[in-house]
There are 2 protein chains.
Amino acid sequence: MPTEKLLELIEKTLDELLPPASARPAKLSEAMRHAVGSGGKRIRPLICMASAIAAGGAPEDARYAAAAIELLHNYTLVHDDLPAMDNDTMRRGKPTVWAKFGEADAILAGDALQALAFAAAAKSPRNAARIVAELAARAVGVVQGQVEDIAREAADAAADIPFIYEHKTADLFIAAAVMGGLAAGAGDAALGALREAALSLGLAFQYEDDLIDGDSPYEAGKTRKLVDTLTKRALAALSRLPGDASILEGLAAKLAGRKS
Amino acid sequence: MPTEKLLELIEKTLDELLPPASARPAKLSEAMRHAVGSGGKRIRPLICMASAIAAGGAPEDARYAAAAIELLHNYTLVHDDLPAMDNDTMRRGKPTVWAKFGEADAILAGDALQALAFAAAAKSPRNAARIVAELAARAVGVVQGQVEDIAREAADAAADIPFIYEHKTADLFIAAAVMGGLAAGAGDAALGALREAALSLGLAFQYEDDLIDGDSPYEAGKTRKLVDTLTKRALAALSRLPGDASILEGLAAKLAGRKS
């Protein structure tokens with residue numbers, strides 16, 4: 001299935017899960033839909049579906065898991081943007097949720113998106129409880145990374161970058177891949193390969209982000225080398241999967257060379 | 001099993017689930033444990049375990065579901081207390097999470113508690129996916145009630161009190177009861193009776209709260225009558241359950257006559 005078809009399935013599933021405009025209170029539905037938007041890159045749900053394929057399954061197996069990871073990712077963005085956190089008023093060229101709907105409703109919309117992520121995960125036709133457990137564990141991990149990151153910024157201290165990047169960024173990549181594998185009924189070996197690939201991919205993504213932002217914790221040459229090493233490590237793990245890993249391989253190459 | 005034994009099992013399970021003091025970052029673990037506290041009334045997890053018993057099961061069946069509902073309830077309190085929401089600095093005689101740990105970490109500790117609630121729910125040995133789905137649906141409901149309540153306060157308008165109370169308060173009572181029933185393997189008839197009883201109990205609890213706070217939306221005599229009617233309705237639903245509903249009956253009587 002070409003990537004555009006996967007993206008269509010992701011958008012359709014998100015639309016099916018999000019409260020309709022008619023749901024009460026209308027303001028909450030609007031804020032949730034504003035947060036999730038449409039037509040984004042949807043990297044994490046793509047990884048989820050591509051992982052189901054690489055594990056020998058079909059992307060449809062993972063459509064609820066994929067929507068779950070995107071909903072969860074978007075709740076973290078809504079809360080990250082809050083005045084008490086990054087205090088950002090714009091995201092993806094639009095006002096952030098708090099800038100548009102107010103602080104209280106942004107906190108609440110984020111909360112509802114997290115709950116909806118678990119509602120989506122529980123809908124998986126296969127391995128639903130294990131998928132929820134994976135998502136929940138990584139959702140706690142993301143917060144651990146975020147708290148550590150804030151502490152670092154406040155103290156301006158020598159930071160434990162690997163801990164922060166593993167949890168703040170890579171944890172949701174790992175959840176995406178493992179949930180996709182579980183949705184396709186993957187065994188332990190395939191799940192292990194997916195976890196390893198996603199960890200490397202997630203770290204590479206974050207270091208690449210730093211390079212794009214000119215905000216790298218290390219000297220640029222060293223960071224570039226790290227991205228290359230991590231991408232190679234991801235590809236090696238992907239080669240151990242039983243199914244067609246070409247979409248994941250393509251994503252790995254694209255993430256390492258992206259410009260935004 | 002006497003109520004004190006149920007409370008012990010609840011505290012033990014919460015302690016097992018919450019990150020240990022040694023977990024990184026220590027501040028997050030502390031904030032989460034501060035939020036959940038210990039020795040509270042634990043009404044919702046008691047309802048959950050008592051519902052498992054009333055459905056013919058054992059309280060141990062529902063220990064993870066019970067912990068899940070308490071974790072979820074406590075995340076809502078952490079976020080409700082925030083400056084952008086109720087701006088409360090004290091709760092249960094202790095500083096609120098944001099007053100003690102700062103606003104950003106309070107938002108994040110609440111987020112982690114919600115994720116941990118779903119991790120707990122997914123651990124249920126029986127019907128885990130349905131338990132997660134019930135918790136997720138009601139967790140969205142709580143936010144709907146809260147957004148509507150804030151809109152009401154801001155507009156100072158004639159409020160849709162039943163909508164707000166059903167979602168803001170009763171939804172977590174319903175989740176507690178239904179999750180307990182599911183954990184005990186209850187059939188549809190018992191689940192329906194539990195849902196009905198918990199809705200009435202939750203509404204009675206909220207109206208009673210209003211009477212205690214002297215902040216009733218209706219004239220006090222009318223509110224008192226409502227509490228009585230709802231309590232009777234709850235008891236009638238409980239009488240349809242196959243197991244021993246005496247703990248739930250005792251809770252219903254206690255909630256309707258409490259002083260704090």
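That block above? That's the structure.
Every chain is numbered independently, its residues counted from 1 as its sequence is written. Chains and ligands are labelled sequentially in the order written, the chains with letters from A and the ligands with numbers from 1. This being a predicted model, a pLDDT of at least 70 is required before a residue's local features are given, and a value of 80 or more before pairs of side-chain atoms are given or counted; all residues contribute to the totals for chains, interfaces and linings.

Peer 1: Can you walk me through the overall build of chain A in this structure?
Peer 2: Runs of H or I in DSSP of at least four residues are treated as helices and runs of E of at least two as strands, each being numbered from the N terminus. From N to C terminus, chain A includes 11 helices and 2 strands. Ordered by position from the N terminus, the helices and strands of chain A form the series α-α-α-α-β-β-α-α-α-α-α-α-α. The C-alpha atoms of chain A give 18 Å as radius of gyration, which agrees with the globular expectation for 260 residues (18 Å, within 12%). Summarising its shape, the C-alpha atoms of chain A cover approximately 50 × 45 × 30 Å along the three principal directions. Burial statistics for chain A: of 260 residues in total, 57% are counted as buried. Only the C-alpha atoms count toward the radius of gyration. The rule for a globule is 2.2 Å times the residue count to the power 0.38. Whether a residue is buried, exposed or partly exposed is read from the other C-beta atoms within 10 Å of its own C-beta, which are placed from the backbone; 20 or more gives buried, 12 or fewer gives exposed, and intermediate counts give partly exposed.

Peer 1: I would appreciate a short explanation of the environment of A:Val143 in the present structure.
Peer 2: Relative to the helices and strands, A:Val143 resides in helix H7 (residues 128–155). When the C-alpha positions of A:Val143 and A:His167 are compared, they lie 7.7 Å apart, and in sequence the two are 24 residues distant. We call two residues in contact if the C-beta atoms placed from their backbones are at most 7 Å apart. If we skip the residues at most four places from it in the chain, A:Val143 touches B:Leu28, B:Leu108, B:Asp111, B:Ala112 and B:Ala115.

Peer 1: Got a minute to help me understand the interface of chain A and chain B in this structure?
Peer 2: Interface size is often expressed as the accessible area that is lost when the parts come together. Opposite the 37 residues of chain A that make contact, chain B presents 37 residues. When residues of the side of chain A that touches chain B are traced back to their parent elements, those giving at least two are helix H2 (26–36), helix H6 (103–122) and H7 of chain A. The element best represented in the side of chain A that touches chain B is H7(A), accounting for 15 residues.

Peer 1: Teacher, can you tell me more about the relation of the copies chain A and chain B here?
Peer 2: The pair of chain copies shares a relation made of a rotation about an axis and a shift along it. Least-squares fitting of chain A to chain B yields an RMSD of 0.0 Å, with the superposition described by an axial translation of 0.0 Å and a rotation of 180°. Both chain copies can therefore be described as sitting about a two-fold axis. When C-alpha positions in chain A are compared against the rotation axis, the closest is assigned to A:Ala129, at 2.6 Å. When the interface residues of chain A are mapped onto chain B, 100% of them again lie at the interface, so the same face is used by both copies. Least-squares superposition of the copies uses the C-alpha atoms of those residues scoring a pLDDT of at least 70 in each of them.

Peer 1: Where do I start with unusual backbone geometry in this structure?
Peer 2: Residues other than glycine predominantly adopt negative phi, and peptide bonds predominantly adopt the trans conformation. With omega at -15°, the peptide bond leading from A:Arg24 into A:Pro25 counts as cis. As for its position among the elements, A:Pro25 is in the loop between helix H1 (3–17) and H2. The backbone phi angle of B:Asn87 is positive, close to 55°, even though this residue is not glycine. Counting through the fold element by element, B:Asn87 comes out in the loop between helix H4 (63–80) and strand S1 (90–91). The backbone of B:Asn127 shows a phi angle near 55°, a positive value even though the residue is not glycine. In this fold, B:Asn127 is placed in the loop between helix H6 (103–122) and helix H7 (128–155).

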